[in-house]
Amino acid sequence: MRIIVSTINGGLDDRVNQTFGRTPTFTIIDVENGERVNVQVVQNPGYSQPRGAGVTAAQFCIDQGAEVVIAGQFGPNSYGVLQTAGIRMVSAPPTMIVREAVEAFLRGELQSAVTSPGRHVGGHGRGMGRGRGGQ
């Protein structure tokens with residue numbers, strides 16, 4: 001199983017970063033028979049993008065063969081891309097280090113992902129609209 005964790009500096013002793021799309025690094029952990037067999041730190045290709053960071057990061061995780069992605073929270077775009085790809089998203093608290101998060105996930109102790117609210121585009125309110133005055 002390949003688990004990708006959102007991190008700042010990377011590695012098993014780094015804290016789980018609370019943002020997914022703009023995290024500086026990902027720590028990739030391969031687990032076989034409940035044991036870590038490989039750990040690597042890679043740069044997030046979406047980190048410095050002016051737009052679309054979450055989608056780029058999500059596609060990167062798909063391309064890396066992730067089965068599980070752990071972060072504090074996921075934006076609506078990255079959440080949708082990962083969900084469509086069938087990748088499980090899990091949230092970890094800001095106090096948790098990568099090693100603890102992976103172990104907690106393997107024990108079934110972490111919850112499904114938390115999504116951050118997307119930008120409000122409009123059209124969902126209960127107002128009367130421009131020029132209608134509500135009279």
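This section reports on the structure supplied with the text. (Residues numbered from 1 in each chain as written. Predicted model: local features only at pLDDT ≥ 70, side-chain atom pairs only at ≥ 80, totals over all residues. Heavy atoms only, no water.)

**As for unusual backbone geometry**
- The residue asparagine 33 is not glycine, and still its phi comes out positive at about 55 degrees.
- Relative to the assigned elements, asparagine 33 resides in the loop between strand 2 (25–32) and strand 3 (35–43). (Helix = DSSP H or I, 4+ residues; strand = E, 2+ residues; numbered from the N terminus.)

**Side note on the pattern of salt bridges**
- Applying the stated rule across the entire model yields four salt bridges.
- Arginine 99 serves as the salt-bridge partner of aspartate 13, at 2.6 Å between the closest nitrogen and oxygen. Remark: arginine 99 occurs in helix 3 (residues 98–106) and aspartate 13 occurs in the loop between strand 1 (2–7) and strand 2; sequence separation between them is 86 residues.
- Residue aspartate 13 is classed as exposed on the basis of its relative accessible area, which comes to 56%.
- Residue glutamate 103 is joined to arginine 36 by a salt bridge in which the shortest nitrogen-to-oxygen separation is 3.7 Å. A residue pair is termed long-range when its members are at least 10 positions apart, and glutamate 103 in helix 3 and arginine 36 in strand 3 qualify at 67 residues.
- Note on glutamate 103: relative accessible area 34%, which makes it partly exposed.
- Take arginine 36: its relative accessible area is 36%, and that puts it in the partly exposed class. (Salt bridge = Lys/Arg side-chain N within 4 Å of Asp/Glu carboxyl O. Buried < 20%, exposed > 50% of the residue type's maximum accessible area, 1.4 Å probe, protein only.)

**Observations concerning the pairing of strand 3**
- Pairing between strand 2 and strand 3: eight bridges, direction antiparallel. Paired with valine 31 across the bridge in strand 3 is arginine 36.
- Adjacent in sequence and paired antiparallel, strand 2 and strand 3 are bridged by two residues, among which asparagine 33 carries a positive phi angle near 55 degrees. (Pairing = 2+ DSSP bridges.)

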